[in-house]
Each structure stands twice: as structure tokens, then as C-alpha cells.
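Okay, here's what each chain looks like letter by letter:
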Amino acid sequence: MEELALNVTREEAIKISKNFPLLPTRGRVIITVNTDELDELDLGGAGLAESQYVIATGPHVWDEIKPGSKVMLDLDKMSVQTGQETYEIKIDPVKVGERVYAFLYDSMIKAVNNK
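Bear in mind that the values here come from a model prediction, so they are computed numbers and not experimental data.

Asks: Which residues make up the environment of Ala102, and what values do they have?
Replies: Tracing the backbone shows Ala102 in strand 7 (residues 99-105). Residue classification places Ala102 among the buried residues on the basis of a relative accessible area of 1%. In the structure, Ala102 is positioned 71 residues away from Ile31 in sequence and 5.4 Å away in space, judged by C-alpha atoms. Here Ala102 is in contact with Val29, Ile30, Ile31, Val33, Ile91, Asp92 and Pro93, once residues within four sequence places are set aside.

Next comes the structure, spelled out in C-alpha cells:
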């Protein structure tokens, strides 16, 4: 189970995307679920990092967002209130092989990091 917590690099994301069995529909993307230990938001013991890698894109996603792209997520848009002052990141997880990825709409992406 510890393998699921390992972060995916850009090179791994590109390699994974070449044989990825799922193709999102319309304006959806599938991203990595890398964690950031410095993040204050908690998802089962680890915070979701603001930067993720794209694994697959639907046919209506902007051309600059492609497999292997490093993207910055709009974590505020993805947050749902679970208590009076408690928020959690809402993701639509999907397990493929030994890793967990997430479906989301491209509107949850605020920028493509071309570095």
C-alpha cells in the first residue's frame, strides 16, 4: 500500500500516459495525486499538492494541457466545507494498477507550468 503514496515525476507521467487504459470524456482530465507534506489541507494524512501531472485528457481540453503537462490546480475551487471551519479537497479518484489518479474538469486547472 505504501507504493500508492509515491509521487509521480514528469518522466513517469509521460511513460504512464502512453499505455493508460482510460480516456476521459469532453473537458475532463486525469491527473496524478501527488502529495505535498507542507500543505495544510489533509486528505487521509497527506495534503494534495497544488502542482500535478496530466495523465490523459478529453477531446475538449485546451491544447496546451496534454499528457505530461505540469499543471497548477485551483484547490479553492476543489474544496468543500465539511464543518464550521473545516474544508477538504474533493476529488474523483480512480485506481489503475497500483496507483490512484483523479478525474477533474479542466476548469479546475488554473495554469500550465512550462518549466
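Asks: Tell me about the pattern of salt bridges, residues and numbers included.
Replies: One pass over the full model with this rule turns up two salt bridges. Measuring nitrogen to oxygen at the nearest pair gives 3.8 Å for the salt bridge that ties Arg28 to Asp92. Separated by 64 residues along the polypeptide, Arg28 in strand 1 (residues 28-32) and Asp92 in strand 6 (residues 92-96) bring together distant segments of the chain. In this structure, the salt-bridge partner of Glu50 is Lys110, at a minimum N-O distance of 2.9 Å. Of this pair, Glu50 sits in the loop between strand 1 and strand 2 (51-57) while Lys110 is found in strand 8 (residues 109-113), placing the two residues 60 residues apart along the sequence. Glu50 sits in the partly exposed class, given a relative accessible area of 30%.

Criteria and cut-off values
- Residues numbered from 1 in each chain as written.
- Predicted model: local features only at pLDDT ≥ 70, side-chain atom pairs only at ≥ 80, totals over all residues.
- Heavy atoms only, no water.
- Helix = DSSP H or I, 4+ residues; strand = E, 2+ residues; numbered from the N terminus.
- Buried < 20%, exposed > 50% of the residue type's maximum accessible area, 1.4 Å probe, protein only.
- Contact = heavy atoms within 4.5 Å.
- Salt bridge = Lys/Arg side-chain N within 4 Å of Asp/Glu carboxyl O.

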